[in-house]
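Reading the structure
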Amino acid sequence: SQKIEQNSEALNIQEGKTATLTCNYTNYSPAYLQWYRQDPGRGPVFLLLIRENEKEKRKERLKVTFDTTLKQSLFHITASQPADSATYLCALWRGSNYGGSQGNLIFGKGTKLSVKP
Amino acid sequence: DAGITQSPRHKVTETGTPVTLRCHQTENHRYMYWYRQDPGHGLRLIHYSYGVKDTDKGEVSDGYSVSRSKTEDFLLTLESATSSQTSVYFCAISESGPFNSPLHFGNGTRLTVT
């Protein structure tokens, strides 16, 4: 069955360093992969979407890579700040064979990032 | 924040009672979704809608039904609540399908079934 795994439940880093979060998937090659941020008591907030023909995408201090050979996406936050502390979720689209006529966006369990001052 | 309102924000109910959660959007987006989030499972899709009166099941649809009679409202009903349905429920919307369109989430409804 399709699995999506974020390799760390928690990641602690020092302010100013680069945070790197990993998302691995098996048994399927998604055309699209998304990253979300979730703060306690709030719904997830969309950050970036990367397509399988895009190796890398950037948005301000955020960078996402997508390696379909390794079946892996890396999410980087450069010059991290305490305000970046949150849980980060990756999500990939699974086609219509797996959940309804429109397919299904499945989520990893998330990595909780803590940035210490 | 995208214009998504979930109500109620918190609810405690007893096993066997019916419960309806409401999602209201002001963005005129075609797609609406209901997810549940549980520790150790992440977000899982319950049902979604791709237009008025057009709905489909997600991966954990048993025990739930949905209705969408207007573009802006998507209702999730637990016909007879069970303790396993204790969870945080999120509504989401997207302009186009989930394969290439970001989802915008509401802030959730915390449901406790005793």
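Preceding this paragraph is the structure being described.
So, a few notes on the structure that sits alongside this text. (Residues numbered from 1 in each chain as written. Chains lettered and ligands numbered in written order. Predicted model: local features only at pLDDT ≥ 70, side-chain atom pairs only at ≥ 80, totals over all residues. Heavy atoms only, no water.)

Overview of the nonpolar core
Residues A:Phe75, A:Phe107, B:Tyr35 and B:Phe105 are the most contacted members of the largest nonpolar core, which totals 42 residues. A per-element tally of this core places strand β9 (residues 86–94) of chain A first, with seven residues. Beyond its immediate chain neighbours, meaning those up to four positions away, A:Phe107 contacts A:Ile4, A:Tyr36, A:Leu89, A:Cys90, A:Ala91, B:Tyr35, B:Leu43 and B:Phe105. B:Met32, B:Trp34, B:Ile46 and B:Ala81 belong to the second-largest nonpolar core, a separate cluster that totals 19 residues. (Core = buried A, V, L, I, M, F, W, Y, C linked by side-chain atoms within 4.5 Å. Buried < 20%, exposed > 50% of the residue type's maximum accessible area, 1.4 Å probe, protein only. Helix = DSSP H or I, 4+ residues; strand = E, 2+ residues; numbered from the N terminus. Contact = heavy atoms within 4.5 Å.)

Some words on the sheet that holds strand β3 (residues 19–25) of chain B
All names here are of chain B. Pairing in this open sheet of four strands is antiparallel, and the strands run β1-β3-β8-β7 from one edge to the other. With one partner strand each, in any of the chains shown, β1 (4–7) and β7 (64–70) form the two edges of the open sheet. Across this sheet, the average inter-strand angle for adjacent strands is 15°, counted without regard to direction. Where β7 lies against strand β8 (residues 73–78), five bridges are found, and the strand directions are antiparallel. The residue bridging Lys70 from the neighbouring strand is Asp73, located in β8. (Pairing = 2+ DSSP bridges. Axes fitted to C-alpha atoms, helices over the stretch in contact; angles between N-to-C directions.)

Some points on the pattern of salt bridges
All told, the structure shown has eight salt bridges over all chains when counted by the stated rule. A salt bridge links A:Asp84 to A:Arg61; the shortest N-O distance between them is 2.9 Å. One end of the pair, A:Asp84, is in the loop between β8 (72–77) and β9; the other, A:Arg61, is in the loop between β6 (56–59) and β7 (62–67), with 23 residues separating them in the sequence. Between B:Arg22 and B:Asp73 there is a salt bridge, with its nearest N and O atoms 3.1 Å apart. (Salt bridge = Lys/Arg side-chain N within 4 Å of Asp/Glu carboxyl O.)

Notes on the interface of chain A and chain B
The partner chain B presents 25 residues to the 25 residues of chain A that form the contact. With both sides pooled, the region where chain A packs onto chain B buries about 2,000 Å², and carbon together with sulfur makes up 52% of that total. Counting across the interface, chain A meets chain B through zero salt bridges. At the junction of chain A with chain B, the criterion picks out seven residue pairs in polar contact (both at pLDDT 80 or more). Among the elements of the structure, β4 (32–38), β5 (45–51), β9 and β10 (104–107) of chain A are those that each provide at least two residues to the side of chain A that touches chain B. Here the side of chain A that touches chain B is composed, by residue class, of 10 nonpolar, 11 polar and four charged. (Buried area = accessible area lost by both parts, 1.4 Å probe. Polar contact = N/O pair within 3.5 Å; in protein donor to acceptor, adjacent residues only side chain to side chain. Nonpolar A, V, L, I, M, F, W, Y, C, P; charged D, E, K, R; others polar.)

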